[in-house]
Amino acid sequence: MRRCGLRDDQWERIKDLLPGREDHVGGTAVDNRLFVEAVLYRYRAGIPWRDLPARFGDWKKVHRRSGQFGGTRYHARTGCRYHPGEPLLENIAPDAFLTDRAYNADRLIDRLAERGITPVIPPKHNRTTRRKTDFSLP
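Residues numbered from 1 in each chain as written. Predicted model: local features only at pLDDT ≥ 70, side-chain atom pairs only at ≥ 80, totals over all residues. Heavy atoms only, no water.

Trainee: Just to check I follow, could you spell out helix H2 (residues 32-45) for this structure?
Mentor: Taking 1.5 Å of rise per residue, 14 residues should cover 20 Å, and H2 covers 20 Å from first to last C-alpha, within 8% of that figure. Along H2, the residues classified as buried are Asn32, Arg33, Phe35, Val36, Glu37, Ala38, Val39 and Arg42. Structurally, the start of H2 carries an N-cap: the backbone nitrogen of Arg33 is 3.2 Å from a side-chain oxygen of Asp31. Directly beyond the C-terminal end of H2, a positive phi value near 65 degrees is found at Gly46. (Helix = DSSP H or I, 4+ residues; strand = E, 2+ residues; numbered from the N terminus. Expected span 1.5 Å × (residues − 1). Buried < 20%, exposed > 50% of the residue type's maximum accessible area, 1.4 Å probe, protein only. Polar contact = N/O pair within 3.5 Å; in protein donor to acceptor, adjacent residues only side chain to side chain.)

The following block contains the structure:
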């Protein structure tokens, strides 16, 4: 298995959730999988966008596209409010949910706990009660 990429079963679960897919309103992305793998690689390696390996294409285009869709934060709209992550998590059962502090909402964290999913989400700086975050999960 390639460490920097998605397994085929992982890709099959998310490919129809991404903008730019076939028969989707708007432009069609040339290679959604390569884009997702580029974003994952960048966050795993902890590198600046400009250090993205050439195999992922022009780093400026990948960066621009990630900004259009909120980086790795693909939000699903439910009703008249955004509830980041929740609708996308309903169809999968990960052991942990790793994301940035933008997802540090009690509602989401409580939902993850109900499902037995470990939240790996740093607390926002303005939190009165600081939740410990362990980034060294096995």
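Trainee: Please clarify how the packing of aromatic side chains should be interpreted in this entry.
Mentor: By convention here, two paired aromatic rings are described through the distance between centres and the angle between planes. The full count for this structure, using the stated rule, is 3 aromatic pairs. Aromatic pair Tyr43 and Trp49: ring centres 6.5 Å apart, planes at 85 degrees, arrangement edge-to-face. The ring of Tyr43 has Arg42 lying over it, and the distance from NZ or CZ to the ring centre is 4.9 Å. Above the face of the Phe35 ring, Arg65 is positioned so that its terminal group lies 4.2 Å from the ring centre. (Phe/Tyr/Trp six-rings, centres within 6.5 Å; stacked < 30°, edge-to-face > 60°. Lys NZ or Arg CZ within 6 Å of the ring centre and 35° of its normal.)

Trainee: Explanation requested: the environment of His125 in the structure shown.
Mentor: Along the chain, the position of His125 falls in the segment after strand E4 (118-120). Separated by 24 residues in the primary sequence, His125 and Arg101 place their C-alpha atoms 9.0 Å from one another. Beyond its immediate chain neighbours, meaning those up to four positions away, His125 contacts Arg101 and Arg130. (Contact = heavy atoms within 4.5 Å.)

Trainee: What is the right way to look at the pattern of salt bridges in this model?
Mentor: Once their charged atoms are close, side chains differing in charge can pair, the charge on each being opposite to the other. Counted according to the given criterion, the structure contains 7 salt bridges. Arg13 is the partner of Asp9 in a salt bridge, and the nearest nitrogen-oxygen pair spans 3.8 Å. You can see Asp9 and its partner Arg13 sitting in helix H1 (residues 8-14), 4 residues apart, about one turn around the helix. For the salt bridge of Asp106 with Arg127, the shortest nitrogen-to-oxygen distance reads 2.8 Å. Remark: Arg127 occurs in the segment after E4 and Asp106 occurs in helix H5 (residues 106-114); sequence separation between them is 21 residues. On the basis of relative accessibility, which here comes to 46%, the residue Asp106 falls in the partly exposed class. Ionic contacts of the salt-bridge type, sharing partners, join the residues Arg7, Asp9 and Arg13 into one network. (Salt bridge = Lys/Arg side-chain N within 4 Å of Asp/Glu carboxyl O.)

Trainee: In this structure, what is going on with a positive patch on the surface? I would like to understand it.
Mentor: Taken together, the side chains of Arg50, Lys60, Lys61 and Arg64 make up a positively charged region of the molecular surface. Following the sequence through the fold, Lys60 ends up in helix H3 (residues 59-68). Overall, the relative accessible area of 47% leaves Lys60 in the partly exposed class. (Patch = residues over 30% accessible without salt bridge, like charges linked within 9 Å, V, L, I, M, F, W, Y side chains within 5 Å. Areas by Shrake-Rupley, 256 points an atom, 1.4 Å probe, with all protein chains shown as cover. Lys, Arg positive; Asp, Glu negative; His and termini not counted. Charge placed at Lys NZ, Arg CZ, Asp CG, Glu CD.)

Trainee: Looking at this structure, I do not really get H5. What am I missing?
Mentor: Residue pairs spaced three or four apart in an α-helix point in one direction, given the helix's 3.6 residues per turn. Looking at H5, one finds that the buried residues are Leu108, Ile109 and Leu112. Projected down its long axis, H5 carries its buried residues within an arc of 100 degrees, all on one side. Opposite the packed face of H5, turned more than 90 degrees from it, sit the exposed residues Ala113 and Glu114. In the stretch just after H5, Gly116 is the one whose phi turns positive, near 75 degrees. (Arc of directions from axis to C-beta.)

Trainee: Please clarify how the nonpolar core should be interpreted in this entry.
Mentor: The tendency in soluble globular proteins is for nonpolar side chains to be buried side by side. In terms of nonpolar packing, the biggest core is built from 11 residues, these being Leu6, Trp11, Leu18, Phe35, Val36, Ala38, Val39, Trp49, Leu52, Phe56 and Val62. Here this core takes 4 residues from H2, the largest share from any one element. Core analysis: the next-biggest nonpolar cluster, separate from the first, contains 8 residues, Tyr103, Leu108, Ile109 and Leu112 among them. (Core = buried A, V, L, I, M, F, W, Y, C linked by side-chain atoms within 4.5 Å.)

The quantities given are spatial measurements derived from coordinates; they are silent on function.
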